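# Fold and geometry: a report
These are the residues of each chain, in order.
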Amino acid sequence: MEKKWWHNNVIYQIYPKSFNDTTGNGIGDIQGIIEKLEYLCYLGVDILWLSPVYESPMKDNGYDISNYQKIDPVFGSMADMEQLIKEAKKHDIGIIMDLVINHTSDQHPWFLEAKKAKDNAYRDYYIWKDSPTDMESVFGGSAWTYDEVTDQHYFHLFAEEQPDLNWDNKAMRKDIYDMINWWLDKGIKGFRLDVIELIGKDIDKGVTSNGKRLHPRLQTLAKDTFNKYDAFTVGETWSASIDDARLYTDPKRKELSTIFQFEHITLNWDKTYNKFKTTPLDRKALKDVLYKWQKELPDDAWNSLFFNNHDLGRVTSRWGNDGRYNEKCAKAFATVLHMMKGIPFVYQGEEIAMTNVKYQHIDDYNDIEIHNRHREYVIEQQAMTQHEFLSQVYLNGRDNARTPMQWDKSNNGGFTTGTPWLRPNNNYLFINVDDNLKNKQSVFYHYQKLIKLRHSEDYGDTLVYGAFIPCETTYDNLFLFERHHKEKRLLIAVNLGESSVSFEWERNVDDIIVNTGNIDYFKSITLNAYDALVFSY
Ligand code: TEU
C-alpha cells in the first residue's frame, strides 16, 4: 500500500467561535488560535480543522458563507489567517479548512444576483422551480422557499438562508474549483468537506445523497484541485455505507482521503425525530458497528474515528456518565477510538472531558436546528412537551459542543474578557485546561499519551497499519480487541460501562501502555467501571 503523509496524523477540530477570544468581543478569533498553538503542539496533534471562518451572516454559525475568499471580521483578517498557517507550520501543524460547497449563504453575491431575474447570469448557480416538491429541510419545514420577485421557489436542504448550489452548472463548478486552489496556494493542507454526499443530488428524482453523479463529480473535483497539491480531504457523509466508503476512499479512485461515517452516531436516534428522540445507547450495537467498520473496510481504504464534533452532544454526557465517572469514561472512549484503525479526530474540549450544558430556557440556546425543531415538534406539532424536547437537547443539542472552551477558573473559563456569545458551562471551575495541565493523571495527559503512541517508533505502525482482531467476550460493554503488525501485538481492553467485566489472559504481558484502573494481576483480568487497559505481548 502506498503510504500517505497523513496516515499517522491526529486531527484536532476547532470551532473558532468558541475557542479563544483575544479582542473581548465575546467571540473566538484567529489570533486566539495562534495564541494556543503551543498548547495544541504540546497535546501533540498534527492538523487543525477549522470550522468556517469565512464571511457569513452567521445564521448557521458560518456554514452559510457569503464570501469564500474573505475572513469574517469577527474572526479577524486574511493577514491573521495567513499568520496562523505560517505559525502553525513552524509547530509542524497543518491547517485544513471547512469547505461548504453544497450551499452558500443567501447573502452571497451569486445568490443576490441569481434572485434578481430568471435570466440572470447567476440564476442557474442555484436550484429553482415554479412549484415546490414535498422535500423537507434538515432543519425542519419545507426545503423550498418562495421568491416573489421572480415567482419561483429556490431549494435549500438546510436553512432558507442556505440556498443549495446547482452542481449541474459548469461555470459554478469552475468558480468553486478556482476558490479551492486559491486556498491551497495559501499553504493549507486540505479540507473537511461539508455534506459532500449531497453534490450529486437529483431533485427531479427526489435524490439528495449518493446521487449517481456524485462520484464522477468528486473525481473531477479532486483531479482539478486537491490531487494537484497532495491535499488531505475528509468528506462528511452522513449516509455512507461500507460500500460507499470504499468508493470515496479507495486510493486508486483518487476521490477523498477519508470520510466521516455516522452509523455509530445515529444508532440510538429515532427514525422520525432523529437526535430529538433517542434511547440509551446499546453497547453491543456500538461494538458491532465499530468492529464492522474496522473489519470490512479494505486495508487501503481509510475511515475517520470520532465520537465528538460541533454537531453532537459531548460523548461523556451523550453515551457515558458525565458525573462521577466523567474523567474515567472520557479516557475509556478515547482509548477505544485511538486504538482502532483510521484517522482519530479530537474535538476542542474533548481532551479535558468537557461536558454538555443544561440551559434552563430555550431562548438560552443559539443553534438554528434547536430553535427550528423546537418550533416544529413542540409548538406546531405538539409531538413532544417542552420538557421532553429539552431533555433531548440536554443530550444531543448542537450547542452542547459549542459552549466556550474552558481554559481556566477565571471568569468565563478564560475564554473571553467580554460577554461570551454563548453562555459558558459553569463547570469550568473544575473542568479546565489549567487544572488538567497541573495533574499528570488528567484526561489531557491521557490524550497526549494516545497521540504520542500513534507517532511512536514502538507502536505507531501497529496502530496506523496493524490488523484489527476482535476478541470474543460475553460482556456487551467490554471492548476487547487486538492490533497486530509484523511482530508487534497489542491487546486493548476497555470497559465502556459501570458494571465490572473480566477476561482470562493466559499469555505473557510485555509493556503495559494504558492502565487507568491500576490493574496489577494479569491472569483473570477484571475491569471496573470505565477502566481502560492496553498492553503489548
Ligand atoms: O452538518 C450536516 C448535518 O446534516 C448536520 O447538521 C446534522 O444533519 C444535524 O446536526 C443532525 O441533526 C453540516 C455541518 O456540520 C453543520 O454544522 C451544518 O449546520 C450543516 O452541514 C449545514 O452546512
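Residues numbered from 1 in each chain as written. Predicted model: local features only at pLDDT ≥ 70, side-chain atom pairs only at ≥ 80, totals over all residues. Heavy atoms only, no water.

### A few points about a negative patch on the surface
Here is the rule we go by: Exposure above 30% relative accessible area and the lack of any salt bridge qualify a residue for a patch; like charges then connect within 9 Å, and the nonpolar side chains Val, Leu, Ile, Met, Phe, Trp and Tyr within 5 Å. Using a 1.4 Å probe, accessible areas were evaluated by the Shrake-Rupley method; residue-level cover was limited to the displayed protein chains. By salt bridge we mean one thing: a side-chain nitrogen of Lys or Arg within 4 Å of a carboxyl oxygen of Asp or Glu. When charges are counted, Lys and Arg contribute as positive and Asp and Glu as negative, whereas His and the chain ends are disregarded. Lys charges are placed at NZ, Arg charges at CZ, Asp charges at CG and Glu charges at CD. Runs of E in the DSSP output that reach at least two residues are strands. Runs of H or I that reach at least four are helices, and both are numbered from the N terminus. Think of it in three bands: with a 1.4 Å probe and only protein chains considered, a residue is buried below 20% of the maximum accessible area for its type, exposed above 50%, and partly exposed in between.
A cluster of like negative charges, contributed by Glu457, Asp458, Asp510 and Asp511, occupies part of the molecular surface. You can see glutamate 457 is positioned in the loop between helix 14 (443–455) and helix 15 (460–465). When its relative accessible area of 80% is taken as the criterion, glutamate 457 is described as exposed.

### Quick word on the sheet that holds strand 12 (residues 304–305)
We apply this condition: Only when DSSP finds a minimum of two bridges between them are two strands counted as paired. Note on definitions: a residue-residue contact is assigned when non-hydrogen atoms from the two residues lie within 4.5 Å. Structural elements are reduced to axes, namely lines fitted to C-alpha atoms, with helices fitted over the stretch in contact, and the angle between N-to-C directions of any two is expressed from 0 to 180 degrees.
Taken in spatial order, the eight strands line up as 11-10-9-5-2-1-13-12 in an open sheet, and their pairing is parallel. In this open sheet, the two edge strands, each paired with only one partner strand, are strand 11 (258–260) and strand 12. Lying over the sheet, helix 3 (residues 78–90) contacts strand 2 (47–50) and strand 5 (94–99), oriented at roughly 140 degrees with respect to strand 5.

### Here's the deal with the domain arrangement of the protein
The cut-off we apply is this: Residue ranges assigned to the domains are those given by an automatic or database domain assignment. Buried area: the accessible area, evaluated with a 1.4 Å probe, that two parts lose upon being put together, summed over both parts. Classification convention: Asp, Glu, Lys, Arg as charged; Ala, Val, Leu, Ile, Met, Phe, Trp, Tyr, Cys, Pro as nonpolar; all other residues, Gly among them, as polar.
In terms of domains, the protein is made up of domain 1 (11–100 + 262–445), domain 2 (109–155) and domain 3 (466–536). The straight-line distance from the C-alpha centre of domain 1 to that of domain 2 is 32 Å. Facing nine residues of domain 1, the contacting portion of domain 2 comprises eight residues. Here domain 1 packs against domain 2, burying approximately 540 Å² in sum over the two surfaces, 52% of which is carbon and sulfur. Our count for the domain 1 to domain 2 interface comes out at zero salt bridges. No other element matches helix 11 (residues 368–380), which puts five residues into the side of domain 1 that touches domain 2. The residue makeup of the side of domain 1 that touches domain 2, split by class, is two nonpolar, two polar and five charged.

### Description of the pairing of strand 10 (residues 232–236)
Inclusion rule: By convention, a crossover is right-handed whenever its connection, traced from the first strand over the helix to the second and viewed with the strands pointing away, goes clockwise.
Buried residues dominate strand 10, accounting for five of its five residues. Of the two faces of strand 10, the one lined by Phe232, Val234 and Glu236 and the one lined by Thr233 and Gly235 are each fully buried. Looking at chain direction, strand 9 (residues 190–193) and strand 10 are connected through four bridges and run parallel. Bridged to arginine 192 within strand 10 is valine 234. Traced from strand 9 through helix 6 (residues 214–224) to strand 10, the parallel crossover comes out right-handed. Relative to strand 11, strand 10 is paired through three bridges, and the arrangement is parallel.

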